[in-house]
Amino acid sequence: MVDIQLNPQYKLLSDTHQWIIAKKEGEEYRHVAFFEHLPHACHEFLQRSMRQSAATNIPELLEALKVAKAQLSAALQPLQFRVEVQTIPKTKKEGVPDA
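The structure contained in this document is the topic of the report that follows. Along each chain, residue indices are assigned from 1 in the same order as the chain's sequence is written. Predicted model: local features are reported for residues with pLDDT of at least 70 only, side-chain atom pairs are reported and counted for 80 or more only, and whole-chain, interface and lining totals are derived from all residues. Calculated side-chain values reflect all of the structure's heavy atoms, with hydrogen atoms and water omitted.

## So, the sheet that holds strand S1 (residues 3–5)
And then number 1: The antiparallel open sheet is built from four strands, whose spatial order is S1-S2-S3-S4. Strands with a single pairing partner mark the edges of an open sheet, and in this sheet they are S1 and strand S4 (28–35). Strand-to-strand twist across the sheet, computed as the mean angle between neighbouring axes with direction ignored, equals 25 degrees.
And then number 2: In terms of strand pairing, strand S2 (residues 10–14) meets strand S3 (residues 19–25) through five bridges, oriented antiparallel. The residue of S3 that forms the bridge with Tyr10 is Lys23.
And then number 3: Residues count as neighbours in contact if any of their non-hydrogen atoms are within 4.5 Å of one another. For helices, the fitted axis covers only the stretch in contact; all axes are lines through C-alpha atoms, and the angles between them, taken along N-to-C directions, range from 0 to 180 degrees. By definition, any uninterrupted DSSP run of H or I lasting at least four residues is a helix, any uninterrupted run of E lasting at least two residues is a strand, and each is numbered from the N terminus. In the packing of helix H1 (residues 38–51) onto the sheet, the strands contacted are S2, S3 and S4, and the crossing angle to S4 comes to about 120 degrees. We treat two strands as partners when DSSP finds at least two bridges between them.

## Observations concerning H1
Side chains of residues three or four places apart in an α-helix project in the same direction, reflecting 3.6 residues per turn.
And then number 1: Given the number of residues in a helix, its expected span is that number minus one, multiplied by 1.5 Å. In a regular helix each residue adds 1.5 Å, so 14 residues correspond to 20 Å; H1 covers 20 Å between its end C-alpha atoms and thus fits that length.
And then number 2: Where H1 is buried, its residues touch S2, S3, S4 and helix H2 (58–76).

Okay, here's the thing in structure tokens:
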């Protein structure tokens, strides 16, 4: 079964039915999230990395995302699994002229 270190705190594991995100607690890893599909597990890792960051502003949060994406890409590179992050497009507010 799969056992891939994503970063010092997290591993990506699998069994015959699911993908598992495991978090290090002491010397052991505890299963914290379960997914049927690999992209969903990857998305959760990125979300957790941002939520658990020490970011105090948007640029710091984006940097945490960039680091997590790089960690995930490096760990999954042998699978040629592509990690993409979509940003929310800016929307034009009514009554506000274009800059």
